[in-house]
Amino acid sequence: MPNTSTYPSPDFETVLQQHRGIIFKVARLYTRSEADFEDLVQDISIQIWQSLGNYKPTYALSTWLYRIALNVSIDRLRREERRQRHQEAFEALPHTGQPGQPSGRSEQLHRWVQALPPLERALMLLYLEDYPHGEIGEMLGISKSNVGTKISRLKQRLKKELKLHHYGNE
Amino acid sequence: METNDWKALWKSHQAQLDQNTRLNLMITRQMQQQAARCPLRALWAARIAETLVWALLLAGLSTCIATFQGHTAPQISAVVLSLFAVVGISGSAGQLILLGMLQFDGPVVEVQKGLERLRKHRLAITQLLMSSVPFYLAHVFFWFQLLFGIDLFASGDPQWLLAQMVLSVALLPFTFWLIREMGKPTPRYAWIAGLRRSVAGERMEQAVRGVKALKDFKAQ
């Protein structure tokens, strides 16, 4: 793997260990089964390995990793959608197997984000991960004001959805 | 529920899910084999194959140009068809260059646009082949000479030849209008979209819509 950057490449295993949370978060959001999740985690890891030679510290490593993870995931999702029929928004299987089930509201929030179109999904993920609008815009390649407008609209939709769900359960 | 509550809920949900998810570091020792799972492998293979096919076509046509000495119309036809082959090679080779330049660590919208444009390439090939339709006479003259040894221009009925040439010229504006319509994300007429889908495939159709969706996402 040639290093085209003038900076030393970070160690691959160290990067994966320290930032595996980013890979898991993104892969979880763009897959609907454990098998697909594991496949996507591997695809993202391979792409990180292939791209490490290009890493420049002008970006935070986490920002750089999110870009790769999102690009691989969205591309894979588009390719998968070409083969599969459209699935219902809330058909997602929760990733279980951990001690203690996530609460109903957190699962509902996860499913709502997972049901968004691929790019809106990325936007919402980065927002919930507390990235500032400017950085989100840089990661996605859109303006900061565009990020603000889109997040505002998504928040309105989410509030409405949570309210509907709350009254539906009463 | 307030925004900060959502963020806190989201983070605790992710932390719970991460507890039992393990990263398989075995892949670090198998990178050579795993690297073959490049998601763009299929695109690379398709473009390389395409470039080779165009190159072979051009080589064949060049041989025919030399062989058809003394038969002006077939020779000119071979030259015309060669021009299309040159355009085809340039297009496929250009796609290979774009593939080589694509970096997954770029801004998401730009990288995805690049990927969808690469997949839309099938439409460009379709448009190229369609643009050769008004030049169908070049095919007729060329193949008659190659397969039957008949110079149709020299031995054909002059009135028939004239009628074919008029038809060729008449086909030019319609063909170029059709090519332009086929390139639009939403063609004006449903039959054009249907034609595009049947000729270039659903995958290309999705790529065309994908590029539009990316442009819409970037716009405020």
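A quick note: this is a predicted structure, and the numbers were derived from the prediction, not measured. Residues take numbers from 1 onward in each chain, read along the sequence in its written order. Think of it this way: whatever chain is written first is A, whatever ligand is written first is 1, and the rest follow in order. Local features in this predicted model are restricted to residues whose pLDDT is 70 or higher, and side-chain atom pairs enter the listing and the counts only when it is 80 or higher, whereas totals over whole chains, interfaces and linings include all residues. Values shown for side chains rest on all heavy atoms present in the structure; no hydrogens or waters enter the calculation.

Participant: Please explain the overall build of chain A as it appears in this structure.
Facilitator: The helix count covers DSSP runs of H or I at least four residues long, the strand count covers runs of E at least two residues long, and both are numbered beginning at the N terminus. Counting its regular elements, chain A contains seven helices and zero strands. Helices and strands in chain A line up, N terminus first, as α-α-α-α-α-α-α. Relative accessibility under 20% of the residue-type maximum defines a buried residue, over 50% an exposed one, and the middle range a partly exposed one, all with a 1.4 Å probe and only protein chains included. Out of the 170 residues belonging to chain A, those deemed buried represent 53%. Excluding contacts between residues fewer than 6 apart, the proportion of contacts in chain A whose partners are at least 24 apart in sequence is 70%. Residue contacts follow a heavy-atom distance rule, with two residues in contact if any of their heavy atoms lie within 4.5 Å.

Participant: Mind showing me how you'd approach the pattern of salt bridges here?
Facilitator: Pairs may arise between side chains of opposite charge once their charged atoms sit close together. Salt bridges are counted wherever a side-chain nitrogen of Lys or Arg sits within 4 Å of a carboxyl oxygen of Asp or Glu. This structure, assessed with the given rule, holds 14 salt bridges over all chains. For the salt bridge of B:Asp18 with A:Arg28, the shortest nitrogen-to-oxygen distance reads 2.8 Å. Residue B:Asp18 is found in helix 1 (residues 3-18), and its partner A:Arg28 is found in helix 1 (residues 12-29); the two belong to separate chains. An identical accessibility class is assigned to B:Asp18 and A:Arg28; each is buried. The partner of A:Asp43 in a salt bridge is A:Arg76, with the nearest N and O atoms 3.1 Å apart. Remark: A:Arg76 occurs in helix 3 (residues 61-83) and A:Asp43 occurs in helix 2 (residues 34-51); sequence separation between them is 33 residues. Judged by its relative accessible area of 9%, A:Asp43 is buried.

Participant: Can you help me understand unusual backbone geometry in this one?
Facilitator: A negative phi angle characterises most non-glycine residues, just as the trans form characterises most peptide bonds. All names here are of chain A. Positive phi values are uncommon outside glycine, yet Asp130 reaches one of about 75°. Note that Asp130 resides in the loop between helix 5 (118-128) and helix 6 (133-140). On the accessibility criterion, Asp130 (45% relative accessible area) is partly exposed.

Participant: Teacher, can you tell me more about the nonpolar core here?
Facilitator: Ranked by size, the top nonpolar core spans 65 residues in total, and within it A:Tyr30, A:Ile48, A:Leu70, A:Met124, A:Ile136 and A:Leu140 carry the most contacts. Counting residues per element, this core draws most heavily on helix 3 of chain A, at 10 residues. Beyond its immediate stretch of four places on either side in the chain, A:Tyr30 contacts A:Leu40, A:Leu70, A:Ser73, A:Ile74, A:Leu77, A:Pro118, A:Arg121 and A:Ala122. Nonpolar cores were defined as sets of buried Ala, Val, Leu, Ile, Met, Phe, Trp, Tyr and Cys residues, with membership established by side-chain atoms within 4.5 Å. Within the second largest apolar cluster, 12 residues are counted, among which are B:Leu61, B:Cys64, B:Phe68 and B:Ala138.

Participant: Honestly, a nonpolar patch on the surface in this entry has me stumped. Any pointers?
Facilitator: Taken together, B:Trp143, B:Leu146, B:Leu147, B:Phe148 and B:Ile150 make up a surface patch of nonpolar side chains, about 510 Å² in accessible area. Tracing the backbone shows B:Leu146 in helix 7 (residues 136-148). The patches described consist of residues with a relative accessible area above 30% and no salt bridge, like charges being joined within 9 Å and nonpolar side chains (Val, Leu, Ile, Met, Phe, Trp, Tyr) within 5 Å. The accessible surface values rely on the Shrake-Rupley method and a 1.4 Å probe; as for residues, cover is taken only from the protein chains in view.

Participant: Teacher, can you tell me more about the environment of B:Lys120 here?
Facilitator: Residues and elements named next belong to chain B. One can find Lys120 in the loop between helix 5 (108-119) and helix 6 (121-131). Residue Lys120 is classed as partly exposed on the basis of its relative accessible area of 24%. Each C-alpha atom of the pair Lys120 and Phe142 lies 31 Å from the other, and the pair is 22 residues apart in sequence.

Participant: Please explain the interface of chain A and chain B as it appears in this structure.
Facilitator: Often, the extent of an interface is quoted as the loss of accessible area on bringing the components together. Listed as interface residues are 68 residues of chain A and, on the opposing side, 50 residues of chain B. Note: buried area is the sum, over both parts, of the accessible area (probe 1.4 Å) each one loses when the two are combined. Taking both sides of the interface into account, the surface hidden between chain A and chain B amounts to around 5600 Å²; carbon and sulfur atoms contribute 59%. Scanning the region where chain A abuts chain B turns up four salt bridges. With a shortest N-O distance of 3.2 Å, A:Arg78 and B:Glu116 are connected by a salt bridge. In the analysis that follows, any N or O atom pair within 3.5 Å is treated as a polar contact, provided that within protein one partner can donate a hydrogen and the other can accept it, and provided that, for residues neighboring in sequence, both atoms belong to side chains. For the pair chain A and chain B, the number of links is 21 residue pairs in polar contact (both at pLDDT 80 or more).

Participant: Please explain the packing of helix 4 (residues 72-101) of chain B against helix 7 of chain B as it appears in this structure.
Facilitator: Two quantities define a packed helix pair, namely the angle between the axes and the distance from one axis to the other. Residues and elements named next belong to chain B. Where helix 4 contacts helix 7, the axes come no closer than 8 Å and their chain directions differ by 120°. By the angle between their axes, helix 4 is oblique relative to helix 7. With respect to the hand of their crossing, helix 4 and helix 7 are arranged in left-handed fashion. Contact residues: Ala73, Pro74, Ser77, Ala78, Val80 and Leu81 in helix 4; Leu137, Ala138, His139, Phe141, Phe142 and Gln145 in helix 7. Of the residues contributing to the contact of helix 4 with helix 7, the split by class is nine nonpolar, three polar and no charged. Axis definition: a line fitted to C-alpha atoms, over the contacting stretch in the case of helices. Angles run 0 to 180 degrees between N-to-C directions. Should an angle lie under 35 degrees it is considered roughly parallel, over 145 roughly antiparallel, and from 65 to 115 roughly perpendicular; all remaining angles are considered oblique. Here a crossing is taken to be left-handed if its near helix is turned anticlockwise relative to the far helix by less than a right angle, and right-handed if that turn runs clockwise. Each residue gets one label: Ala, Val, Leu, Ile, Met, Phe, Trp, Tyr, Cys and Pro are nonpolar, Asp, Glu, Lys and Arg are charged, and the others, such as Gly, are polar.

Participant: Teacher, can you tell me more about the packing of aromatic side chains here?
Facilitator: Each aromatic ring pair is summarised here by two numbers: the centre-to-centre distance and the angle between the ring planes. Working definition: a ring pair exists when centres of Phe, Tyr or Trp rings (six-membered ring for Trp) sit within 6.5 Å. Plane angles under 30 degrees give stacked, over 60 give edge-to-face, the rest tilted. Under the counting rule described, the total for this entry stands at 11 aromatic pairs over all chains. On the numbers, 5.3 Å between centres and 85° between planes, the contact of A:Tyr66 with A:Tyr131 is edge-to-face. You can see A:Tyr66 sitting in helix 3 and its partner A:Tyr131 sitting in the loop between helix 5 and helix 6, a full 65 residues away along the chain. Each of the two residues, A:Tyr66 as well as A:Tyr131, counts as buried. Each ring, one from B:Phe141 and one from B:Phe153, has its centre 5.8 Å from the other, and the planes form 85°; the classification is edge-to-face. Of this pair, B:Phe141 sits in helix 7 while B:Phe153 sits in helix 8 (residues 152-155); the two residues are 12 residues apart in sequence, bridging distant segments of the chain.

Participant: I would appreciate a short explanation of the side chain of A:Ser73 in the present structure.
Facilitator: As for its placement among the helices and strands, A:Ser73 is situated in helix 3. In this structure, A:Ser73 is in contact with A:Val26, A:Tyr30, A:Leu40 and A:Ile44, ignoring residues within four places of it in sequence.

Participant: For this particular structure, what's the right way to read the confidence of the model for chain B?
Facilitator: Note: predicted coordinates in regions of low pLDDT should not be interpreted at a detailed level. Residue and element names in this part refer to chain B. Known as pLDDT, the predictor's confidence for each residue is given on a scale from 0 to 100. Scored by pLDDT, chain B has a mean of 86; 91% of the residues are at 70 or more. The least confident element of chain B, judged by mean pLDDT, is helix 2 (residues 31-34) at 56; the most confident is helix 9 (residues 158-182) at 93. Across the whole predicted complex the pTM is 0.78, and at the interface the ipTM reaches 0.82.

Participant: Before we go on, may I ask you to explain helix 5 of chain B in this structure?
Facilitator: An α-helical turn contains 3.6 residues, so a residue and the one three or four places further along point in the same direction. Residue and element names in this part refer to chain B. Taking 1.5 Å of rise per residue, 12 residues should cover 16 Å, and helix 5 covers 17 Å from first to last C-alpha, within 8% of that figure. The element helix 5 is largely enclosed, with a buried count of 10 among its 12 residues. Val108, Val109, Val111, Gln112, Lys113, Gly114, Leu115, Glu116, Leu118 and Arg119 are the residues of helix 5 that are buried. The span expected for a helix works out to 1.5 Å for each residue beyond the first.

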